[in-house]
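# A closer look at the structure
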Amino acid sequence: MGSGQNVAVFGAYGHTGRFVVAELIERGYVPLLLGRDQDKLVALVAAHPGLAARQASVDDPASLDRALDGAAAVINCAGPFATTAGPLVEAALRAGIPYVDVAAEIEANVDTFAHFADRARAAGTVVVPAMAFYGGLGDLLVTTAMGDWTAADEVHVAYGLSSWHPTTGTLASGVVSGQRRGGRRVRFTGGRLEYHDDALPTLEWPFPAPLGPQSVIGEFTMADVVTVPSHLDVREVRTYMTAKAAADLGASDPSAPAAVDDRGRSAQTFVVDVLVRSGGAERRVAATGQDIYAVSAPLAVEAVDRILTGRTRTTGVASAGAVFDAPDFLRALSTHLSLHVPAGTRG
Ligand SMILES: NC(=O)c1ccc[n+]([C@@H]2O[C@H](COP(=O)([O-])OP(=O)(O)OC[C@H]3O[C@@H](n4cnc5c(N)ncnc54)[C@H](OP(=O)(O)O)[C@@H]3O)[C@@H](O)[C@H]2O)c1
C-alpha cells in the first residue's frame, strides 16, 4: 500500500484522470488534483472531499511549480500530450520528482525521449511516457514474451477490442497526431518510423480462445512502436486492431464510453495478444481485461508505486519494459489483467 505520499494528477477531472485518482486513493496515496479549469476541479473535490485541488496551466510554469509543491510524483493524464507533456516534464525535473504519463500519441512520446533523455538521466530521475494501455501494457507483454531474448526479428501486438467508444481526449489526440503527420500514416519498419500513404491491410488474427480469429486492420500503429524499440533490439514492430473497434473509432459521430459497473468501467473487453519471432522461434503472451481507459489507472499507479519504492532498473526517460521487472509488474495487476502464457514461453 502507498505511504500516504502526495501524487499529483494533471488532468485529474478527465475520464482517465478520474480512474487514476480513484486508484491512487485505493492504493493509499493522496492525489493532488491538478488541472487548468478551476470549476471542474471544484466539482471533482465535491466527489472527493478533503483532497487538495490546484489550478495550473501548461502556459504558466510558475503555476505548475506551485501545483507540484509537495508531490512525490506526477501522473500526467491531460492529452493531447503534444501540448502538455513537455511543460509537465520540465516542471517535474524542476521539482526533482518522477513523471509518468498515459500518452498514446506516437510523436509526443518520441519527443519525450528525444528532448528529456539526457536531463532526466543527469537528474537521476525517471520519466515514463505511455504508461497506460497503449504503449505501456504492450511493452510489458513484449518484454515478458521475449524472456531471455534481447533481440527479435519481429514483434507483433494485436489488439482485440470488443468495441471502442473513444473519449474527447482520445479524439483530440488523434486529430493532433494526424496533423503532425500531415495526414499521412505511420509504421515502424527497418528499425525506424516510416510515414506513408498506403492503404491499411485487413487480415485475420488468431487471438487465443475464447475470442478466436478476428478480422483486424494491419499497421494500425499504436504507441508500442515507440516504447518497445526504445529498449529492445527489434527492427519490425507491427500493431493490429480489430476491424470492429477501428470502425467504432472512425465513425462520424463516435459515442463516449458508458459506465456499467460500480468502478465506472464500460462493458468494453480487450485481449492484447503479443507474438515475438527470432530466427525460427516464436514466443507469445496475451492479457485480457475490461475497459482500456480504466485499466490504464492501475498501470500508471503501479508504475508510480514501484518508482517511489525503488523497484526500478534504470533512470532517465524509459518505457515500462525497461524500467520495471515486466513479468512481476504484470503479476501484480492480476485483479485487473488475466495473463495467458502458452507453455514454452517464459513469464
Ligand atoms: N495510452 C493509453 O492507452 C491511454 C489511455 C487512456 C488515455 N489516454 C490518453 O490520455 C488523454 C486523456 O484521455 P481521457 O480519456 O482522460 O480524455 P478526456 O476525458 O477528454 O480528458 C482530457 C483531459 O485533458 C485535459 N486537457 C486537454 N488539453 C489540456 C491542456 N492544454 N492543458 C491542460 N489540460 C488539458 C482536459 O482538461 P479540460 O477539460 O480542461 O480541457 C481533461 O482533463 C488522451 O490523450 C488519451 O489518448 C491514453
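To keep things clear, this report deals only with the structure shown in the data block.

Cut-offs applied
- Residues numbered from 1 in each chain as written.
- Predicted model: local features only at pLDDT ≥ 70, side-chain atom pairs only at ≥ 80, totals over all residues.
- Heavy atoms only, no water.
- Near = heavy atom within 4 Å.
- Polar contact = N/O pair within 3.5 Å; in protein donor to acceptor, adjacent residues only side chain to side chain.
- Areas by Shrake-Rupley, 256 points an atom, 1.4 Å probe, with all protein chains shown as cover.
- Helix = DSSP H or I, 4+ residues; strand = E, 2+ residues; numbered from the N terminus.
- Nonpolar A, V, L, I, M, F, W, Y, C, P; charged D, E, K, R; others polar.
- Pairing = 2+ DSSP bridges.
- Core = buried A, V, L, I, M, F, W, Y, C linked by side-chain atoms within 4.5 Å.
- Buried < 20%, exposed > 50% of the residue type's maximum accessible area, 1.4 Å probe, protein only.
- Contact = heavy atoms within 4.5 Å.
- Salt bridge = Lys/Arg side-chain N within 4 Å of Asp/Glu carboxyl O.
- Axes fitted to C-alpha atoms, helices over the stretch in contact; angles between N-to-C directions.
- Parallel < 35°, antiparallel > 145°, perpendicular 65-115°, else oblique.
- Left-handed = near helix turned anticlockwise from the far one by under 90°.
- Arc of directions from axis to C-beta.
- 1 Å grid on protein atoms, 1.4 Å probe; cavity = no way out; pocket = protein on both sides within 12 Å on 5 of 7 lines; lining within 4 Å.
- Points joined across faces, edges and corners; volume = space filled by probe spheres on them.

The next thing to look at is the site of the ligand. Taken together, 29 residues sit near the ligand, with Tyr13, Arg36, Lys40, Tyr134 and Ser173 positioned nearest. Within the contact set of the ligand, an oxygen atom lies 2.7 Å away from a backbone nitrogen or oxygen of histidine 15. Contact between the ligand and serine 173: an oxygen atom at 2.5 Å from a side-chain N or O atom of the residue. Here the ligand loses 88% of its free accessible area of 910 Å² to cover by the protein chains. Sorting elements by how many residues they give to the shell around the ligand places helix α7 (residues 168–180) first, with 4 residues. Partitioning the shell around the ligand into residue classes produces 12 nonpolar, 13 polar and 4 charged.

Glancing now at the sheet that holds strand β6 (residues 126–128). With parallel pairing, 7 strands are arranged side by side in an open sheet as β3-β2-β1-β4-β5-β6-β15. Of all strands in the sheet, those with a lone pairing partner are β3 (53–55) and β15 (316–317), marking the two edges. As defined by bridge partners, β6 adjoins β15 across 2 bridges and the pair is classed as parallel. Directly across from valine 126, in β15, lies its bridge partner glycine 316.

The next point concerns the nonpolar core. Grouped together as the largest cluster of nonpolar side chains are 107 residues, with contacts concentrated most on Met131, Phe133, Leu161 and Trp164. It is helix α10 (residues 292–308) that contributes the most residues to this core, 11 residues altogether. Tryptophan 164 has contacts with Tyr134, Thr170, Phe220, Met222, Met241, Ala245, Asp248, Leu249, Gln268, Ile292 and Tyr293, leaving out every residue within four places of it along the chain. Ala158, Phe207, Tyr240 and Ala286 belong to the second largest nonpolar core, which has 8 residues in total.

Let us look at the pattern of salt bridges. As enumerated under the stated definition, the model contains 24 salt bridges in all. Across the salt bridge formed by aspartate 111 and arginine 180, the nearest N and O atoms sit 2.7 Å from each other. With aspartate 111 in helix α5 (residues 106–123) and arginine 180 in helix α7, the pair connects residues that are 69 residues apart, well separated along the chain. Connected through salt bridges with shared partners, the residues Arg27, Glu302, Asp305, Arg306, Arg311, Asp328 and Arg331 form a single ionic network.

What follows covers the packing of helix α6 (residues 133–146) against α10. Two numbers describe how α6 lies on α10: the axes approach to 10 Å, and their chain directions differ by 60°. The orientation of α6 relative to α10 falls into the category oblique. Regarding α6 and α10, the two cross each other, and that crossing is left-handed. Taking contact as the criterion, the partners of Phe133, Tyr134, Leu137 and Leu140 in α6 are, on α10, Ile292, Val295, Ser296 and Leu299.

This part takes up helix α3 (residues 61–68). Among the residues making up α3, those that are buried are Ser63, Leu64, Ala67 and Leu68. One face of α3 carries all of its buried residues, which in axial projection span an arc of 130°. The inward-facing, buried residues of α3 abut β1 (6–10), β2 (30–35), β3, β4 (73–76) and α4 (81–95). Of the residues trailing α3, glycine 70 is marked for its positive phi of about 85°.

Approximately 320 Å³ is the volume attributed to the second largest pocket. Contributions of two or more residues to the lining of the second largest pocket are made by α1 (15–26), α2 (38–47) and α10. Taken together, the residues that form the lining of the second largest pocket break down as 8 nonpolar, 3 polar and 6 charged.

Turning to the environment of leucine 32, a few remarks are in order. Tracing the sequence through the fold places leucine 32 in strand β2. Put simply, leucine 32 and asparagine 6 are 26 residues apart on the chain and 6.3 Å apart in space, counted from C-alpha to C-alpha.

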